[in-house]
Amino acid sequence: MCDHRRVWRRLGVLDLIRIGLLVLGLVFVATGLLPWDDAVTSLSHIGPLLVFLVAIIVLAELTKEAQVFDAIAARMAVLGRGNYAALFFLCGIFASIVTIFLNLDTTAVLLTPVMLALAAKAGIAALPLAMTTIWLANTASLLLPVSNLTNLLGMQKIGLDAQEFAARMWAPQIAAIAVTMAFLWVFFWRRGERRDLRYTPPLLEPVADRVLFWAASFGCVLFVVLLLLEVHVAVAATPAALVVVGAFLLRARERLTWKLIPWQLVIFVTGLFLVEPTLSGNGLSALMTSLIGGESDPYRTAAVGAALSNVINNLPAFQAVATVIPDLDQDRLLALLVGTNVGPLVTPWASLATLLWFESCRRHDVKVPMRRFLLTGAGLALVGLLATVWALVELG
């Protein structure tokens, strides 16, 4: 009994939410509210997503252990030369580029440890760097189909190829990044928030095991190359992770533990894709139709997508709303993408990237003040949504 009590005490609020969501989804299946065939179909859609989730977190954690992130972080801090403004723009540009070309989940998993390592190396607060990562992971994910899984989900309905998609979304993307950078500076980076005038660039130190370092570096490069070749994210992440796992088996087997497996996120995503189709089949679709209205109103569509994302996560939110929008209604579908990409900044479960980010912060013992996270995220979501939809309507 005592062991059970200790286990429950170790579980945080988010862990309990994840477990509760899975239990609710299983209850829906057991009671017939979600037919068995529909449950199998829904879970088959997320199978590759779960493979990607496990593989990319294992890759990120072992890459951190191989000191790859420490080396990158130190060089970024040296390049900034102690100037916070320079470091701010370097981090913002880096996070935006990684998100645009490599997917927001890659940013949340691979770049977050870089930022946190940078904070430790330069002796500065970790929260501004961490917030730069997660906000830009979401708001910089509009330009390309690969930037966000919601973009990939919507490509067939939207009817645009990658070049046409980028041509419509370049202006919204610039607007989203600009607003995000402004909020980051005001609420986390300006001197009144950070207090220090300058930081001390760290000394560059040699890595402990060069074999692990280069194997992990190769694994990350392999993942990037496969993504650029338009290989599915799950297929790209798996061999990249296996390369690094193989290196650790040979050089540091003791570091391969079960703690590398992100069971909390697997439980959450599985429960999420059992609950969402149940709700859609029992009145959610009708509700979505009434919420977005019959006329093509991009602001209203984006607002509904953003609000629903912060309630049930942006992936099922996009699916729930997109099902009631006519095919090839590009304006409303693109506005929905704005809502489900830029809007999920308020709740910790609003996007998979945010869940991955919280997981990384937890593993690195970085405390995220929830009240501050919620309030600043709500402000950015509101202003960012208005600016981005305006750019889509007027300039896109």
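- Under an unreviewed UniProt entry, the name given to the protein is Arsenic transporter, and the source organism is Nonomuraea terrae.
- Looking at the Subcellular location (unreviewed entry) heading of the UniProt record, one finds this comment for the protein: "Cell membrane".

### A closer look at the packing of helix H5 (residues 84–102) against helix H6 (residues 104–122)
Turning to step 1, where the next piece is worked out: It is the contact of H5 with H6, at a shortest axis distance of 8 Å, that shows an interaxial angle of 155 degrees. In terms of their interaxial angle, H5 and H6 are classed as roughly antiparallel. Between H5 and H6 the crossing geometry is right-handed. Seen from H5, the contacting residues are Leu-87, Cys-91, Phe-94, Ala-95, Val-98, Thr-99 and Leu-102; seen from H6, they are Leu-104, Thr-106, Thr-107, Leu-111, Val-114, Met-115 and Leu-118.
Turning to step 2, where the next piece is worked out: Looking at the contact of H5 with H6 residue by residue, the class counts come to eleven nonpolar, three polar and no charged.

### So, the side chain of Asp-329
Turning to step 1, where the next piece is worked out: By the element assignment, Asp-329 lies in the loop between helix H15 (314–322) and helix H16 (330–342).
Turning to step 2, where the next piece is worked out: Overall, the relative accessible area of 18% leaves Asp-329 in the buried class.
Turning to step 3, where the next piece is worked out: Within the structure, the side chain of Asp-329 is placed 3.0 Å from the side chain of Arg-332, a separation counted as a polar contact.

### Some words on the packing of aromatic side chains
Turning to step 1, where the next piece is worked out: Here the structure, examined in full by the defined rule, presents ten aromatic pairs.
Turning to step 2, where the next piece is worked out: Seen from their ring centres, Trp-357 and Phe-358 are 5.0 Å apart, and the 80 degrees between their planes marks the pair as edge-to-face.
Turning to step 3, where the next piece is worked out: Judged by relative accessible area, which is 0%, Trp-357 ranks as buried.
Turning to step 4, where the next piece is worked out: An aromatic cluster is defined as three or more aromatic residues linked by ring pairs; in this entry it consists of Phe-88, Phe-89, Trp-185 and Trp-189.

### Thoughts on the environment of Pro-344
Turning to step 1, where the next piece is worked out: Mapped onto the elements, Pro-344 comes out in the loop between H16 and helix H17 (352–363).
Turning to step 2, where the next piece is worked out: Residue class for Pro-344 comes out buried when judged on its relative accessible area of 0%.
Turning to step 3, where the next piece is worked out: Spatially, the C-alpha atoms of Pro-344 and Thr-354 are 8.5 Å apart, while their sequence positions differ by ten residues.

### Here we look at the nonpolar core
Turning to step 1, where the next piece is worked out: Of all hydrophobic cores here, the largest spans 109 residues; its most connected members are Met-131, Trp-135, Leu-184, Phe-223, Val-269 and Trp-357.
Turning to step 2, where the next piece is worked out: In terms of residue count, helix H3 (residues 36–65) provides more of this core than any other element does, 13 residues in total.

### Here's the deal with empty space enclosed by the protein
Turning to step 1, where the next piece is worked out: The tally for this structure, following the rule as stated, stands at three cavities of 30 Å³ or more.
Turning to step 2, where the next piece is worked out: By volume, the largest cavity amounts to about 60 Å³.
Turning to step 3, where the next piece is worked out: Forming the walls of the largest cavity are Ile-57, Ala-60, Glu-61, Val-109, Leu-356, Glu-359, Ser-360 and Arg-363.
Turning to step 4, where the next piece is worked out: The set of elements that each furnish at least two residues to the lining of the largest cavity consists of H3 and H17.
Turning to step 5, where the next piece is worked out: Class assignment for the residues of the lining of the largest cavity results in four nonpolar, one polar and three charged.

### Digging into the packing of helix H4 (residues 68–80) against H5
Turning to step 1, where the next piece is worked out: Here H4 crosses H5 at 135 degrees, and the two axes come no closer than 8 Å. Classed by the angle they form, the pair H4 and H5 counts as oblique. Considering the relative orientation of H4 and H5, their crossing is right-handed. Contacts between H4 and H5 pair Ile-72, Met-76, Ala-77, Leu-79 and Gly-80 from the former with Ala-86, Leu-87, Leu-90, Cys-91 and Phe-94 from the latter.

Cut-off values and rules
- Along each chain, numbering runs from 1 in the same order as the chain's sequence is written.
- Residues qualify for local features only when their pLDDT is at least 70, as the model is predicted, and side-chain atom pairs are given and counted only at 80 or more; totals for whole chains, interfaces and linings, by contrast, use all residues.
- Heavy atoms from the whole structure form the basis of all side-chain values; hydrogens and water molecules are not counted.
- UniProt positions are given in the numbering used here, feature names are shortened, and annotations may be inferred rather than shown by experiment.
- Here an axis means a line fitted to C-alpha atoms, over the contact stretch when the element is a helix, while the angle between two N-to-C directions is reported on a 0 to 180 degree scale.
- For the purposes of this entry, the term helix denotes a DSSP run of H or I that reaches at least four residues, the term strand denotes a run of E that reaches at least two, and both are numbered from the N terminus.
- To sort the angles, those under 35 degrees are grouped as roughly parallel, those over 145 as roughly antiparallel, those from 65 to 115 as roughly perpendicular, and the leftovers as oblique.
- We call a crossing left-handed when the near helix sits turned anticlockwise from the far one by less than a right angle, and right-handed when that turn is clockwise.
- Contacts are assigned to residue pairs that have any heavy atoms within 4.5 Å of one another.
- Residue polarity is assigned by list, with Asp, Glu, Lys and Arg as charged and Ala, Val, Leu, Ile, Met, Phe, Trp, Tyr, Cys and Pro as nonpolar; anything else, Gly included, falls into the polar class.
- Each residue's exposure class comes from its accessible area (1.4 Å probe, protein chains only) as a fraction of the maximum for that residue type: buried when under 20%, exposed when over 50%, partly exposed otherwise.
- By the criterion applied in these results, polar contacts are pairs of N or O atoms within 3.5 Å in which, for protein atoms, one can donate a hydrogen and the other can accept it, and in which residues neighboring in sequence qualify only through two side-chain atoms.
- For Phe, Tyr and Trp, where Trp contributes only its six-membered ring, two rings pair if their centres lie within 6.5 Å, and the inter-plane angle classes them as stacked under 30 degrees, edge-to-face over 60, or tilted in between.
- In this description, a nonpolar core means a group of buried Ala, Val, Leu, Ile, Met, Phe, Trp, Tyr and Cys residues linked to one another through side-chain atoms lying within 4.5 Å.
- Residues are called lining when one of their atoms sits within 4 Å of a cavity or pocket point, these points coming from a 1 Å grid over the protein atoms alone, where a cavity is a set in which a 1.4 Å probe fits but cannot get out and a pocket is an open set with protein on both sides within 12 Å along at least five of seven lines.
- Grid points are joined across faces, edges and corners, and a volume is the space filled by probe spheres set on the points.

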